[in-house]
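# Inside the fold
Here are the chains, one letter per residue:
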Amino acid sequence: MQVPVEIAFHNLEPQDWAEQEIRARIAKLEKIFDRLITCRVRVEQRADNSHGTIPPVVHIDLGIPGHKHVVVSHEPDHLQQRYQRPDLRKAINEAFRIAEDRLVEMKNKREGRTKEAHHDAENQYLGQIAELTPDEDFGFLVTLEGGLLYFHRNSVLTGDFDRLRRGDEVFYVEAMGDTGPTATKVRAKAER
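These lines cover the structure that appears in this document, whether it is placed above or below.

About the thresholds
- Residues numbered from 1 in each chain as written.
- Predicted model: local features only at pLDDT ≥ 70, side-chain atom pairs only at ≥ 80, totals over all residues.
- Heavy atoms only, no water.
- Helix = DSSP H or I, 4+ residues; strand = E, 2+ residues; numbered from the N terminus.
- Buried < 20%, exposed > 50% of the residue type's maximum accessible area, 1.4 Å probe, protein only.
- Contact = heavy atoms within 4.5 Å.
- Pairing = 2+ DSSP bridges.
- Axes fitted to C-alpha atoms, helices over the stretch in contact; angles between N-to-C directions.

### Quick word on the overall build of the protein chain
- When you go through the protein chain residue by residue, the secondary structure sums to three helices and nine strands.
- Starting at the N terminus and ending at the C terminus, the protein chain contains elements arranged as β-α-β-β-β-α-α-β-β-β-β-β.
- Taken over 192 residues, the protein chain has a buried fraction of 38%.
- If you take every contact in the protein chain between residues at least 6 apart in sequence, the share linking residues at least 24 apart comes to 56%.

Below you can see the structure in the form of structure tokens.
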């Protein structure tokens, strides 16, 4: 994982055993899909009743290069229907089971892909030029999430690298480079 894992507890006290379990399950996700960039886990107690039977919600957000984030979140109703006594342990297991299934499905699709031409529109994101270094043929763009992505002159479509200016909006496809995620197929957003 390129970005440190984030684990947060909201409206309930952090518990060591829960954090250890979450970290172990994240390690399993990395074994299933080794291209994970980020993983954020939020455990939140949204509501409570006098019996203490409303389980917390476990929300998982996984960053994968070239794809939209994989987000897993279940509502307490789901656990209450499935288990007689839902608790934090069951909420963690259920959320990570769903995340594992989604990553396996994504990995299977990826491995089953052939080299057929496909359109990148579904994997395209909008960013903004943050920095340009024309004499060294590279720059950085800022993503909607606020991260910086490196791009090379050769990644700019139609040879428009020299026309780019700081603050310009661009479309790009995120890919994994030798040193981490990079922006490829960068093109200036057409002005209207």
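### As for the sheet that holds strand E2 (residues 38-44)
- As summarised here, the arrangement of the four strands in space is E1-E2-E3-E4, forming an open sheet in which the pairing is mixed. Looking at the sheet topology across the chains shown, the edges are occupied by strand E1 (6-10) and strand E4 (70-73). Adjacent strand axes in the sheet meet at a mean angle of 10 degrees, parallel and antiparallel pairs treated alike.
- Pairing of E1 with E2, which is carried by five bridges, proceeds in the parallel orientation. Its bridge partner lying in E2, Ala 8 is registered against Arg 42.
- Together, E1, E2 and strand E3 (57-63) form the strand contacts of helix H1 (residues 16-32), whose direction differs from that of E1 by roughly 140 degrees.

### Some points on the environment of Val 156
- Take Val 156: it is sitting in the loop between strand E7 (148-152) and strand E8 (169-177).
- Along the sequence, Val 156 and Phe 171 sit 15 residues apart, while their C-alpha atoms lie 9.9 Å from each other.
- Once residues within four sequence positions are removed from consideration, Val 156 is found in contact with Phe 151, Phe 161, Leu 164 and Val 186.

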